[in-house]
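Per-entry structural report
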Amino acid sequence: MALPILTIGNKNYSSWSMRPWLALKWAGIAFEERIIPLGPRGMGLNPDIVAVSPSGTVPVLELPDGEKIWDTLSICEWAHEQAPDAGLWPKDAVARALARSATCEMHSGFAAVRQTFPMNLKRVKAGHEWSETAQAQVQRIDDLLCGLKSRFGSTDSPFIMGHRTIVDAFYAPVATRFRTYRVPVSAALQAWCEAIFQDPDFAAWDQAAHLETWTIAETDVA
Ligand SMILES: N[C@@H](CCC(=O)N[C@@H](CS)C(=O)NCC(=O)O)C(=O)O
């Protein structure tokens, strides 16, 4: 049987790609993975990406009938609809609405965090500096995730909503950004970051990223 094909960027650099990849894995949905190395030119100018993605961006999920889903959150929603019992969204309506709000806040926001701390799993950088705006966004992420966890989390699980959901998938790249640039966070958020790092699916992605040989110079040296 033909599988959906998830086309992603390099695992070392592509934060958007990591999110639906984790959601598909966590939902137990089989898929074929294809990697297109991201280049320095970016957004809509990479002919290999343009050839497979209507928006010129990755990730893009091609379904067996040829239909394409070209947005991170839409792919995660598709995964939830395919495997509704996998728990990618919480069952409780209020928890689900707040989980969606947190996810959408990441999807459309935190520009300073994204610009200041480019995802680069192989890198550890001491002495990185960031603006007051970036720090305010780091604090917002800390308050948001820890606030949700204290309301909806479980003592049996280190994840935000009491089990692995799309919220964890959406913020997983942020955990790696904090690791790479040594951004101090609260003990509670650090515990969640460690849970992400120990998740077997995240660990498989991280390990594959470390084996990649592609480089993007400006992200590696900035
Ligand atoms: N809003 C899009 C953003 C996707 C995005 O910006 N992807 C980056 C890679 S992480 C990309 O494809 N950039 C094009 C390029 O580097 O050529 C989504 O949610 O999928």
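Here's a quick rundown of the structure. On a predicted model such as this, the values are computed, not experimentally measured, just so you know. (Residues numbered from 1 in each chain as written. Predicted model: local features only at pLDDT ≥ 70, side-chain atom pairs only at ≥ 80, totals over all residues. Heavy atoms only, no water.)

On to the side chain of Ser 157. Turning to its location among the elements, Ser 157 is positioned in the loop between helix 6 (132–152) and helix 7 (166–180). For Ser 157, the side chain forms a polar contact with the main-chain nitrogen of Phe 159, separated by 3.0 Å. Of note is the side chain of Ser 157, whose polar atom sits 3.3 Å from the backbone oxygen of Gly 162. Once you skip the residues sitting within four places of it in the chain, Ser 157 turns out to touch Lys 149, Gly 162 and His 163. (Helix = DSSP H or I, 4+ residues; strand = E, 2+ residues; numbered from the N terminus. Polar contact = N/O pair within 3.5 Å; in protein donor to acceptor, adjacent residues only side chain to side chain. Contact = heavy atoms within 4.5 Å.)

Of the consecutive residues Val 58 and Pro 59, the connecting peptide bond is found in the cis state with omega at 10°. On the secondary structure map, Pro 59 appears in the loop between helix 2 (47–50) and strand 3 (60–62).

The alternating pattern of strand 1 (residues 5–8) places Ile 5 and Thr 7 on one face and Leu 6 and Ile 8 on the opposite face, and all of these are buried. Of the strand pairs in this sheet, strand 1 and strand 2 (residues 32–35) are connected by 4 bridges, and their pairing is parallel. Each bridged residue has a counterpart across the sheet, and for Ile 8 the counterpart in strand 2 is Ile 35. Each parallel crossover has a hand, and the one from strand 1 via helix 1 (residues 15–26) to strand 2 is right-handed. Two elements, strand 1 and strand 3, share 3 bridges in a ladder whose sense is antiparallel. Residue pairing across strands places Ile 5 opposite Glu 62, the latter belonging to strand 3. (Buried < 20%, exposed > 50% of the residue type's maximum accessible area, 1.4 Å probe, protein only. Pairing = 2+ DSSP bridges. Right-handed = clockwise from strand over helix to strand, strands pointing away.)

Right, let's talk about the pattern of salt bridges for a bit. Tallied over the full model, the rule gives 7 salt bridges. Put simply, Arg 34 and Glu 32 hold a salt bridge, and the shortest N to O gap is 2.9 Å. Taking the shortest distance from any N to any O, the salt bridge between Glu 77 and Arg 100 comes out at 3.2 Å. One end of the pair, Glu 77, is in helix 3 (residues 72–82); the other, Arg 100, is in helix 4 (residues 93–108), and 23 residues separate them in sequence. According to the relative accessible area criterion, Arg 100 is partly exposed, its value standing at 31%. What you see here is one network of salt bridges that share partners, running through Arg 164, Asp 199 and Asp 201. (Salt bridge = Lys/Arg side-chain N within 4 Å of Asp/Glu carboxyl O.)

The subject of this paragraph is the environment of Ala 99. With respect to the secondary-structure elements, Ala 99 resides in helix 4. Classification of Ala 99 by relative accessible area gives buried; the value is 0%. Note: C-alpha distance between Ala 99 and Thr 165 (66 residues apart in sequence) is 8.4 Å. Apart from the residues within four sequence positions on either side, Ala 99 is in contact with Trp 89, Pro 90, Met 161 and Val 167.

Right, let's get into the nonpolar core. Counting 64 residues, the largest nonpolar core has Leu 24, Leu 145, Tyr 171 and Trp 192 as the members making the most contacts within it. Among the elements that take part in this core, helix 7 stands out by supplying 9 residues, more than any other. Two domains each donate at least three residues to this core, and these are domain 1 (5–85) and domain 2 (93–205). (Core = buried A, V, L, I, M, F, W, Y, C linked by side-chain atoms within 4.5 Å. Domains from an automatic or database assignment.)

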